[in-house]
Amino acid sequence: MSPDVDLTVPKPGPHVLRDRLLALDCRLFEFAAERNWPAAGPILPRLSRSANHGVLWFATAAAMAASRTPRARRAAARGLASLSLASLTINTVGKRSVRRSRPVLDPVPLRRQLRRQPITTSFPSGHSASAAAFAAGVALESPSWGAVVAPVAFSVAMSRVYTGVHFPSDVLAGATLGAGAALAVRGLVPTRAQVAVPARPRADVPALPDGAGLVVVANTASGTADRVRALRDSLSAAEVVECEPADVRTELEKAAARARVLGVCGGDGTVNAAAAIALRHGLPLAVLPGGTLNHFAYDLGVEGIRDLSRAVQEGEGVRVDVGRFSGGEREGIFLNTCSLGVYPELVRERERWSSRIGGWPAGVLAALRVSRTDQHPLEAEFRGEARPLWLLFAGNGTYHRMGLTPGRRRDLADGQLDVRVVHGGRRPTLRLLAAAVAGPLTRSPAHAAVQVGRLHLSGVASGTLLAYDGEVTEVEGEVTLEKLPEALAVYRPLPGN
């Protein structure tokens with residue numbers, strides 16, 4: 001054999017591989033068209049049409065949100081955000097970068113074909129991208145809801161091949177893009193599981209298998225009827241007292257006198273009142289969120305009756321810090337936040353407008369309105385120096401921000417007050433706007449931030465408003481904010497149990 005003879009088989013060029021993949025794609029499409037799909041005829045074409053413009057997924061998200069569970073609402077919102085990102089990517093980049101023609105419909109039976117054929121390019125499948133993005137987004141926040149949505153999303157993706165409007169590779173590429181969109185959204189807005197509060201220090205709390213010894217006071221003004229019903233079903237021996245807001249403190253005092261465990265169902269203000277009474281009587285506290293925001297319960301890791309009932313039945317609990325304020329003749333505790341200055345007025349204005357225009361725009365509008373009124377900065381002496389302050393905000397525990405999410409506490413027993421200050425000045429508008437946009441407990445150039453265990457102010461004017469856990473009171477003179485480390489035992493499910 002001549003040494004000059006080269007018997008090496010040349011590698012196929014990129015165009016050859018592309019042609020082979022396209023041929024395989026066509027054969028798979030024809031194979032699917034020739035198959036008889038039992039029970040698919042009356043379902044898949046309708047399912048495919050229902051997903052036009054995301055209508056199916058918006059309806060699914062609305063149904064999830066109607067369940068009134070926080071995790072379901074978050075999952076629905078995450079699913080829609082993922083769908084929106086996937087649709088934006090498909091319509092701005094995907095469809096324009098690969099101008100592939102739609103499949104020839106000859107092999108597809110007429111009864112399967114859509115009445116209105118799409119006119120856009122074939123690659124990638126927008127329906128598949130939206131379906132995968134919504135399902136993946138939901139599953140990242142709530143695996144149980146993801147398991148419900150996933151079969152529907154898979155069926156929508158398959159319907160695009162079944163009806164002959166896409167090749168299999170179009171569907172695969174769209175689904176991959178949709179899943180990537182869901183992961184991208186998670187990077188911007190982490191799931192609650194990613195910022196879970198550590199379950200420590202553990203508390204010695206009694207296990208109540210049927211709820212005997214638990215007395216729960218429910219504030220009826222917080223819309224707690226459904227949760228109270230679920231509580232009675234889950235912990236049949238627990239005593240539940242429903243009352244109006246004016247009677248909450250009285251009923252909590254009565255409950256504490258006969259309970260092994262004091263329970264409360266309501267918003268943050270109601271939970272604050274229960275925590276104060278539980279501290280005074282040396283009782284563990286069981287919190288069932290029933291208000292609008294429920295910051296303490298959600299940061300604790302209790303989102304509903306399933307979490308609370310498991311913790312009560314198994315005797316699972318932790319100890320948490322409590323904040324305490326005193327000023328003049330007023331004193332009290334706070335589980336979430338405490339603030340001085342114009343913040344109470346900001347809150348009042350924001351709540352007035354939030355139901356009409358949404359929370360974020362309402363915060364900006366509130367800052368504008370407050371800054372234009374005859375407001376004066378808070379004059380207070382801090383560390384021996386008199387300083388004008390527009391806003392002083394103290395969190396019970398250090399708040400963190402991940403991605404675009406609002407601040408949350410990762411540790412409810414860190415011994416710290418998270419203090420943020422908006423300094424005074426002649427023109428407060430820009431600073432208050434920055435605080436409203438960024439949020440008082442997020443990092444911002446408009447804020448000065450410090451973490452301390454105790455804060456003392458002097459020279460506070462008479463009639464100065466202090467807001468704590470949704471309640472407002474007046475303080476004056478010497479004002480002290482401090483921590484009571486690990487003072488309160490609360491029920492919460494422990495991971496791994």
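Rules behind the numbers
Residues numbered from 1 in each chain as written. Predicted model: local features only at pLDDT ≥ 70, side-chain atom pairs only at ≥ 80, totals over all residues. Heavy atoms only, no water. Helix = DSSP H or I, 4+ residues; strand = E, 2+ residues; numbered from the N terminus. Buried < 20%, exposed > 50% of the residue type's maximum accessible area, 1.4 Å probe, protein only. Contact = heavy atoms within 4.5 Å. Areas by Shrake-Rupley, 256 points an atom, 1.4 Å probe, with all protein chains shown as cover. Phe/Tyr/Trp six-rings, centres within 6.5 Å; stacked < 30°, edge-to-face > 60°. Axes fitted to C-alpha atoms, helices over the stretch in contact; angles between N-to-C directions. Left-handed = near helix turned anticlockwise from the far one by under 90°. Nonpolar A, V, L, I, M, F, W, Y, C, P; charged D, E, K, R; others polar. Polar contact = N/O pair within 3.5 Å; in protein donor to acceptor, adjacent residues only side chain to side chain.

*Asks:* Please give an account of the overall build of the chain that cites residues and values.
*Replies:* Regarding its fold elements, the chain presents 15 helices and 15 strands. Considering the chain as a whole, with its 497 residues, one finds that 48% of them fall into the buried category. Sequence separation of 24 or more characterises 75% of the internal contacts of the chain that already satisfy a separation of 6 or more. If you sum the accessible surface of the chain, you get close to 24,300 Å²; carbon and sulfur atoms cover 56% of it.

*Asks:* Tell me about the packing of aromatic side chains, and please be specific about residues and values.
*Replies:* Under the definition given, this model contains 2 aromatic pairs. Both rings, one in phenylalanine 325 and one in tyrosine 468, keep their centres 4.8 Å apart while their planes meet at 50 degrees; by these two values the pair is tilted. Here phenylalanine 325 is found in strand 5 (residues 317-327), whereas its partner tyrosine 468 is found in strand 14 (residues 454-468), with 143 residues between them in sequence. The exposure classification of phenylalanine 325 matches that of tyrosine 468, with both residues buried.

*Asks:* Which residues make up the packing of helix 8 (residues 225-234) against helix 12 (residues 305-314), and what values go with them?
*Replies:* Where helix 8 meets helix 12, the closest approach of the two axes is 10 Å, and the angle between their N-to-C directions is 35 degrees. In this structure, helix 8 meets helix 12 at a crossing whose hand is right-handed. Contacts between helix 8 and helix 12 involve Ala230, Leu231 and Ser234 from the former and Ile305, Ser309 and Gln313 from the latter. Residues of the contact of helix 8 with helix 12, tallied by class, amount to 3 nonpolar, 3 polar and no charged.

*Asks:* Mind laying out the side chain of arginine 409, listing which residues take part and the relevant values?
*Replies:* By secondary structure assignment, the location of arginine 409 is in strand 11 (residues 408-409). For arginine 409, a relative accessible area of 0% gives the class buried. A distance of 2.7 Å separates the side chain of arginine 409 from the backbone oxygen of leucine 335, its partner in a polar contact. A polar atom in the side chain of arginine 409 sits 2.7 Å from the side chain of asparagine 336.

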